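# Observations on chain architecture
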Amino acid sequence: MNGEQEREYVAYVTARLPALRRIAAQLAGDPHRGDDLVQQAITRLYVKWRQASQARNLDAYLHTILVRTFLDDRRLAWSRVSLSSDAGSEQVAAAADVDTRMVLQVALGQMPPRQRAAVVLRFLADRSVEEVAEILQVSPGTVKSQTSDGLATLRRLLGEHPATATTAKGADR
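Okay, so let's go over this structure.

Rules of the game
Residues numbered from 1 in each chain as written. Predicted model: local features only at pLDDT ≥ 70, side-chain atom pairs only at ≥ 80, totals over all residues. Heavy atoms only, no water. Core = buried A, V, L, I, M, F, W, Y, C linked by side-chain atoms within 4.5 Å. Buried < 20%, exposed > 50% of the residue type's maximum accessible area, 1.4 Å probe, protein only. Helix = DSSP H or I, 4+ residues; strand = E, 2+ residues; numbered from the N terminus. Salt bridge = Lys/Arg side-chain N within 4 Å of Asp/Glu carboxyl O. Phe/Tyr/Trp six-rings, centres within 6.5 Å; stacked < 30°, edge-to-face > 60°. Expected span 1.5 Å × (residues − 1). Arc of directions from axis to C-beta. Contact = heavy atoms within 4.5 Å. Polar contact = N/O pair within 3.5 Å; in protein donor to acceptor, adjacent residues only side chain to side chain.

### What about the nonpolar core?
Membership of the largest hydrophobic core comes to 40 residues, with the highest contact counts inside it found for Leu27, Leu45, Leu66, Val67 and Leu121. When contributions to this core are tallied by element, the ones reaching two or more residues are helix 1 (3-28), helix 2 (31-47), helix 3 (49-52), helix 4 (58-74), helix 5 (98-110), helix 6 (113-124), helix 7 (129-136) and helix 8 (140-159). A total of nine residues in this core trace back to one element, the largest contributor, which is helix 4.

Structure, rendered in structure tokens:
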């Protein structure tokens, strides 16, 4: 990679890093594992930068790398090991309603990986069905069904959590 290409790579990754970290933390269910995913994804992007920089949609290309890294990582036994007793309790960004964020983080962590990827990309990364289909390399119909199933799973998981009921009651007031 020549100097100009390296500068383009650094500028691109630097600009996308905060959003990548948020998406990866939601996918992984833990900000530390999310950072590991981001590191792996940007390393893979660096290796393929010549090809990637010519991509029609570089953001989709990078999200594809990130999601594939996440899905590959989930297949490994170590991905189920927790180094702390309260994994997932740290939040990526400060929020007005920390309880709701924590409940959502736990619920996302209980979802199947492909459903989680579809929901995170659609609603947290604000990607269209077509973009998510391209990233996951599936049909738009599969994205729609995975998103629908993921939302149903979230509704079921969040409906069972007591903090959701108190949050819902507070919204009625």
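### Some words on the pattern of salt bridges
In this structure the tally under the stated criterion is five salt bridges. The salt bridge involving aspartate 35 is made with arginine 21; its shortest N-O contact spans 2.7 Å. Of this pair, aspartate 35 sits in helix 2 while arginine 21 sits in helix 1; the two residues are 14 residues apart in sequence, bridging distant segments of the chain. Note on aspartate 35: relative accessible area 28%, which makes it partly exposed. One salt bridge in this structure joins glutamate 131 and arginine 127, with 3.6 Å as the shortest N-O distance. Relative accessible area serves as the criterion here: at 17%, arginine 127 is assigned to the buried category.

### Observations concerning the packing of aromatic side chains
For the structure on display, the rule yields three aromatic pairs. Plain terms: the ring middles of tyrosine 9 and tyrosine 46 are 5.1 Å apart, the flat faces sit at 75 degrees to each other, and that makes the pair edge-to-face. On the criterion of sequence distance, the pair formed by tyrosine 9 in helix 1 and tyrosine 46 in helix 2 is long-range, its members being 37 residues apart. Judged by its relative accessible area of 9%, tyrosine 9 is buried. Relative to tryptophan 49, the ring of tyrosine 9 lies with its centre 5.4 Å away and its plane at 80 degrees, an arrangement referred to as edge-to-face. Remark: tryptophan 49 occurs in helix 3 and tyrosine 9 occurs in helix 1; sequence separation between them is 40 residues. Overall, tryptophan 49 belongs to the buried group, its relative accessible area being 3%. Each member of the aromatic cluster is reached from another via a ring pair, and the members are Tyr9, Tyr12, Tyr46 and Trp49.

### Focus: helix 8
Over its 20 residues, helix 8 runs 28 Å from end to end, which matches the ideal 28 Å to within 8%, given 1.5 Å per residue. What helix 8 keeps buried is the set Val143, Thr147, Gly150, Thr153, Leu154 and Leu157. Down the axis of helix 8, the smallest arc covering the buried residues is 130 degrees, so these residues share one side. Among the exposed residues of helix 8, those oriented more than 90 degrees off its buried face are Lys144, Arg155 and Gly159.

### A look at the side chain of histidine 63
Its place among the elements puts histidine 63 in helix 4. Filtering out sequence-adjacent residues up to four positions away, histidine 63 remains in contact with Leu20, Ile23, Leu121, Arg127 and Ile135.

### Remarks on the environment of threonine 69
The topology assignment puts threonine 69 in helix 4. Only 2.9 Å separates the side chain of threonine 69 from the side chain of arginine 44, close enough to count as a polar contact.

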